[in-house]
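Chain by chain, the residues:
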Amino acid sequence: MKDNKDKALEKVERNEAELTREGRVYVPAADIYEKDDAILVRCDMPGVAQEQIDIRLDNTELEITATQNDETPDGYDLLSGEYETGVFRRRFNIPQLIDRDGIHARLHSGVLDIELPKVEQAKPRKSQISTGG
């Protein structure tokens, strides 16, 4: 886990994450999976509420932006604070043709899954071979 955070901080230092707000910008760890009819992007998004996530697909660039909540629990005063909140931002180039109307996202236990279904023409096809001449 520490390696992923170190890599994310290196990306911020190399200006691969755009800083548009005061505070920290995190580059979330991500895995990308593929099957014949879809691509699945899975990102770590701890402390993020569903309504705080923005997913955009512009041509072949997928951009994910999410804001962590930094609320103090009701009835409590903060005595010591070490937990830092900020904005998650990650961009990916998706080389496949995606069915934009079929994109589905799900947030579960701090993990965001984005399923990007491929359009029919981008799905692999098996060609039939005929015999004879």
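Below is a short write-up of the structure.

About the thresholds
Residues numbered from 1 in each chain as written. Predicted model: local features only at pLDDT ≥ 70, side-chain atom pairs only at ≥ 80, totals over all residues. Heavy atoms only, no water. Core = buried A, V, L, I, M, F, W, Y, C linked by side-chain atoms within 4.5 Å. Buried < 20%, exposed > 50% of the residue type's maximum accessible area, 1.4 Å probe, protein only. Helix = DSSP H or I, 4+ residues; strand = E, 2+ residues; numbered from the N terminus. Phe/Tyr/Trp six-rings, centres within 6.5 Å; stacked < 30°, edge-to-face > 60°. Contact = heavy atoms within 4.5 Å. Pairing = 2+ DSSP bridges. Axes fitted to C-alpha atoms, helices over the stretch in contact; angles between N-to-C directions.

### Describing the nonpolar core
Point 1. Core analysis: the largest hydrophobic core is formed by 17 residues, its most contacted members being V41, M45, L62, I64, F92, I94 and L116.
Point 2. Sorting the residues of this core by element identifies β3 (38-44), β4 (48-58), β5 (61-68), β6 (86-93) and β8 (111-117) as the ones contributing at least two each.

### Digging into the packing of aromatic side chains
Point 1. Taken as a whole and assessed by the stated rule, the structure comprises one aromatic pair.
Point 2. Ring centres of Y26 and F88 lie 5.6 Å apart, and the angle between their planes is 40 degrees; on these two criteria the pair is classed as tilted. Of the two residues, Y26 sits in strand β1 (residues 24-26) while F88 sits in strand β6, which places them 62 residues apart along the sequence.
Point 3. Among the residues examined, F88 registers a relative accessible area of 6% and is labelled buried.

### Quick word on unusual backbone geometry
Point 1. Of note, the phi angle at N59 is positive, near 55 degrees, even though the residue is not glycine.
Point 2. In this fold, N59 is placed in the loop between β4 and β5.
Point 3. On the accessibility criterion, N59 (60% relative accessible area) is exposed.
Point 4. The residue S109 is not glycine, and still its phi comes out positive at about 50 degrees.
Point 5. Its place among the elements puts S109 in the loop between β7 (104-108) and β8.

### Remarks on the environment of L62
Point 1. With respect to the helices and strands, L62 occurs in strand β5.
Point 2. When the C-alpha positions of L62 and F92 are compared, they lie 5.1 Å apart, and in sequence the two are 30 residues distant.
Point 3. The contact partners of L62, leaving out residues within four places of it in the chain, are V41, I55, R56, L57, R90, R91, F92, I94 and L116.

### Quick notes on the sheet that holds strand β2 (residues 30-35)
Point 1. An order of β2-β3-β8-β7 is seen for the four strands of this open sheet, with the pairing classed as antiparallel. Where the open sheet ends on each side, the last strands, each with one partner, are β2 and β7. Strand-to-strand twist of the sheet, defined as the mean angle between neighbouring strand axes without regard to direction, takes the value 15 degrees.
Point 2. Two strands pair when backbone bridges link them, and β2 and β3 are joined in this way by six bridges, in the antiparallel orientation. Counted as the bridge partner of K35 is A38 from β3.

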